[in-house]
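Each chain is listed here by its residues.
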Amino acid sequence: MQVVIIGNGIAGVTTALSLRKRRRDWGITLISGESDVFFSRTALMYVFMGQMRLKDTQPYEPHVWREKRIERVRGWVTHIDVGERRVRLDDGRAIAWDRLVVATGSTPNRFGWPGETLGGVQGLYTLQDLETLERAAADARRAVVVGGGLIGVELAEMLHGRRLPVTLLARESAYWNNALPAEEAALVTSVVRAAGIDLRLSTGLAFIEGDARGRAATAVDTTGARHDAQIVGLTAGVRPNLSAVVGSGLATGRGIRVDRTLHTGVDDVWACGDCAEIVEPGAPPDAPGRVEQLWYTGRMQGEVCAANVAGEQVAYDRGIWFNSARFFDLDWHTYGHVPAALDPPDAALRQAVWVDAPRRRLVRIVARDGAVVGVNSLGLRQRQAVWTRWIAEGRSARDVAARLDDAVFEPEFTGRLDPRAAAALKEQLA
Ligand SMILES: Cc1cc2nc3c(=O)[nH]c(=O)nc-3n(C[C@H](O)[C@H](O)[C@H](O)COP(=O)(O)OP(=O)(O)OC[C@H]3O[C@@H](n4cnc5c(N)ncnc54)[C@H](O)[C@@H]3O)c2cc1C
């Protein structure tokens, strides 16, 4: 049995390693156009900032692939032939498969902005992006970053760390308020500005002008303001990378459409990770599915995919949602369901919020019908195991309010929640 996996990110690599545990004698081939090695994409910013070497971001030693007998092929897949069961690479090679997994990740959004192909204009996704950024930063004087999400703020921090003045353009009226409630977005906005980033809200990129050598020189925003910039970072979201599946006959919507076993509906073909769009059972054929663009969901999907490729029948269940990040020394953790806005209002939801804006701390607890369903925490780290257990058990808000210290993870401090925060949250949840 020959299994070919396109993509050696967390989803593809997890599929390969989990499959090897189940099937010792199957051939497994991992194809990637980006890199021979598997690295942590989430750590790219620390490499640029000099806090890690690239090799520190590689979870596996080179000998692992030989020991596990996972063949690695470097090249871009340009076509999947489902009938002939072959993939074709850009250099003309063809590789045959009996079972195929597509794990091609995401690609940064581009909106056809005039000037977006000039030198110095780029996204932040691949190793190659990091290399071009490194070269551009060597002689840039200023930078503009476009996009109001996590990668935008990361890129702003990276360039700011190289002492480049950075203007950050976000369409939203407060940073990231399409994902965060108003108080959290206000706190993040003030942290980004306090760090020295020229954050412009309610605006976006209109076009980029180049110099005589074809390099970015000026970014013009939608208010007409002109920003001197030799680097223009485009971080206005990512979308599933479907380049390999064009013309293959696999069903696509936003991503590659799969059922809960991550099967595409085409015999012996699965998809997992950022590129997959998971369609719930019984949904109409054109109903939008769920695209999950996170590291941990990529790993979980890779495990489920391996089980199904090996012949088991395992349905993917993400469990309790969580996410976390750290930027400009601000920790952000979220577990469960915390709506950004309540429109229309939801009478069954109750929210308790404590904000200590000067010290950049915030805790929001959300309860539905008296049971805790989610938490947001800024400036205070929280224990994932505790929150996910409380949410999974449907703990009452009152019970959680009495035990908030159990969830706080601040080993270098007291390990306890500020008593004023505990009192305020308890009162609101009573
Ligand atoms: C800067 C940055 C910071 C992030 N930070 C976080 C974070 O803090 N937390 C978090 O949960 N997530 C974070 N993410 C998202 C996370 O990295 C992704 O969700 C995850 O990497 C997706 O894994 P994947 O295996 O699905 O795809 P990818 O990691 O994108 O891997 C896909 C691979 O497929 C290859 N490929 C694609 N098309 C082809 C083709 N046609 N032929 C051959 N090879 C191909 C690509 O070269 C790539 O190597 C971050 C992402 C970025 C860019």
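Only a predicted model underlies this, so the values are computations on that prediction, with no experimental measurement involved.

A. Summary view of the overall build of the protein chain. The number of helices and strands found in the protein chain is 10 helices and 26 strands. Computed over the C-alpha atoms, the radius of gyration of the protein chain is 23 Å, within 12% of the 22 Å expected from 2.2 N^0.38 for a compact globule of 430 residues. Along the first, second and third principal axes, the C-alpha set of the protein chain runs to 65 × 60 × 45 Å. Classification of the 430 residues of the protein chain by burial places 53% in the buried group. Within the protein chain, residue pairs in contact and separated by at least 24 positions form 61% of the contacts whose partners lie at least 6 positions apart. As displayed, the protein chain offers around 19,400 Å² of accessible surface, 49% of which is attributable to carbon and sulfur atoms. For the protein chain, the distance from the average position of its 53 positive side-chain charges to the average position of its 52 negative side-chain charges is 3 Å.

B. Region of the structure containing the domain arrangement of the protein chain. Once the domains are mapped, the protein chain shows domain 1 (2-107 + 239-309), domain 2 (121-236) and domain 3 (322-429). Of note, the centres of domain 1 and domain 2, computed from C-alpha atoms alone, are 30 Å apart. Contacts between the two partners involve 14 residues from domain 1 and, on the opposite side, 13 residues from domain 2. At the boundary of domain 1 with domain 2, total buried surface from both sides reaches about 1,300 Å², with 70% on carbon and sulfur atoms. When the area that domain 1 buries against domain 2 is broken down by residue, the three leading residues are Leu44, Met45 and Phe48, summing to 53%. Scanning the region where domain 1 abuts domain 2 turns up zero salt bridges. Counting across the domain 1 and domain 2 interface gives five residue pairs in polar contact (both at pLDDT 80 or more). Broken down by element, the residue count for the side of domain 1 that touches domain 2 peaks at four residues, all from helix H2 (residues 44-48).

C. Spatial organisation of the sheet that holds strand E10 (residues 143-146). If you walk across this open sheet you meet the five strands as E9-E16-E10-E11-E12, and the pairing is parallel. With partners counted over all chains shown, the strands left at the sheet margins are strand E9 (121-122) and strand E12 (198-200), one partner each. Bridge count for E10 against strand E16 (residues 231-234) is four bridges, and the pairing is parallel. Counterpart to Val144 in the pairing with E16 is Val232.

D. Spotlight on the packing of aromatic side chains. Going through the model one piece at a time under the given rule, you end up with eight aromatic pairs. Aromatic side chains Phe38 and Trp295 sit 6.1 Å apart centroid to centroid with 10° between the ring planes, which places their arrangement in the stacked category. One end of the pair, Phe38, is in the loop between strand E2 (27-32) and H2; the other, Trp295, is in helix H7 (residues 295-309), and 257 residues separate them in sequence. One aromatic cluster is present, built from ring pairs that chain together Phe38, Tyr60, Trp65 and Trp295. Cation over ring: Arg162 sits above Phe48, and NZ or CZ is 3.9 Å from the ring centre.

E. Quick peek at the site of the ligand. Taken together, 30 residues sit near the ligand, with Glu34, Arg41, Val77, Tyr125 and Asp274 positioned nearest. One nitrogen or oxygen atom from the side chain of Tyr125 is found 2.5 Å from an oxygen atom belonging to the ligand. Counting residues per element, the ones that place at least two in the shell around the ligand are helix H1 (10-22) and helix H5 (150-161). Residues that form the shell around the ligand fall into these classes: 12 nonpolar, 14 polar and four charged. Composition of the shell around the ligand by domain shows at least three residues from each of domain 1 (2-107 + 239-309) and domain 2 (121-236).

F. Representation of the pattern of salt bridges. Under the definition given, this model contains 31 salt bridges. One salt bridge in this structure joins Arg381 and Asp331, with 3.8 Å as the shortest N-O distance. Pair noted here: Arg381 is in the loop between strand E26 (371-378) and helix H8 (384-393) and Asp331 is in strand E23 (residues 330-336), with a separation of 50 residues, a long-range link. Put simply, Arg260, Glu280, Arg290, Glu292 and Arg318 are held in one network by salt bridges that share partners.

G. Looking closely at the pairing of E16. Burial along E16 is two-sided: the residues Ile231 and Gly233 and Val232 and Leu234 are all buried. The pairing of E9 with E16 spans two bridges and is parallel. The residue bridging Val121 from the neighbouring strand is Val232, located in E16.

H. Expanded view of the nonpolar core. One finds Ile80, Val87, Leu100 and Val102 to be the most contacted residues of the largest nonpolar core, which totals 50 residues. Ranked by residue count, the leading element in this core is H1, at six residues. Judged by nonpolar contacts, the second largest core, of 43 residues, contains Phe39, Leu44, Leu164 and Trp332.

I. Summary view of the sheet that holds strand E5 (residues 86-89). If you trace the three strands from one edge of the open sheet to the other, you get E4-E5-E6, paired in antiparallel fashion. Strand pairing shows two members of the sheet lacking a second neighbour, strand E4 (77-81) and strand E6 (94-96), which therefore form its edges. Neighbouring strand axes in the sheet, compared pairwise and without regard to direction, differ in orientation by 20° on average. Bridging between E5 and E6 involves three bridges; their strand directions are antiparallel. The residue bridging Val87 from the neighbouring strand is Ile95, located in E6.

J. Fine view of the pairing of strand E1 (residues 2-6). Extensive coverage of E1 is indicated by the burial of four of its five residues. Strand direction decides the pairing type here: E1 and E2, joined by five bridges, are parallel. Within E2, the position partnered with Ile6 by the bridge is Ile31. Taken together, E1, H1 and E2 form a β-α-β motif whose crossover is right-handed. Direction of pairing for E1 relative to strand E7 (residues 99-102): parallel, over a ladder of four bridges. Considered in E7, the bridge of Ile6 is made with Val102.

Cut-offs used in this document
- Residues numbered from 1 in each chain as written.
- Predicted model: local features only at pLDDT ≥ 70, side-chain atom pairs only at ≥ 80, totals over all residues.
- Heavy atoms only, no water.
- Helix = DSSP H or I, 4+ residues; strand = E, 2+ residues; numbered from the N terminus.
- Rg over C-alpha atoms; globule rule 2.2 N^0.38 Å.
- Buried < 20%, exposed > 50% of the residue type's maximum accessible area, 1.4 Å probe, protein only.
- Contact = heavy atoms within 4.5 Å.
- Areas by Shrake-Rupley, 256 points an atom, 1.4 Å probe, with all protein chains shown as cover.
- Lys, Arg positive; Asp, Glu negative; His and termini not counted.
- Charge placed at Lys NZ, Arg CZ, Asp CG, Glu CD.
- Domains from an automatic or database assignment.
- Buried area = accessible area lost by both parts, 1.4 Å probe.
- Salt bridge = Lys/Arg side-chain N within 4 Å of Asp/Glu carboxyl O.
- Polar contact = N/O pair within 3.5 Å; in protein donor to acceptor, adjacent residues only side chain to side chain.
- Pairing = 2+ DSSP bridges.
- Phe/Tyr/Trp six-rings, centres within 6.5 Å; stacked < 30°, edge-to-face > 60°.
- Lys NZ or Arg CZ within 6 Å of the ring centre and 35° of its normal.
- Near = heavy atom within 4 Å.
- Nonpolar A, V, L, I, M, F, W, Y, C, P; charged D, E, K, R; others polar.
- Core = buried A, V, L, I, M, F, W, Y, C linked by side-chain atoms within 4.5 Å.
- Axes fitted to C-alpha atoms, helices over the stretch in contact; angles between N-to-C directions.
- Right-handed = clockwise from strand over helix to strand, strands pointing away.

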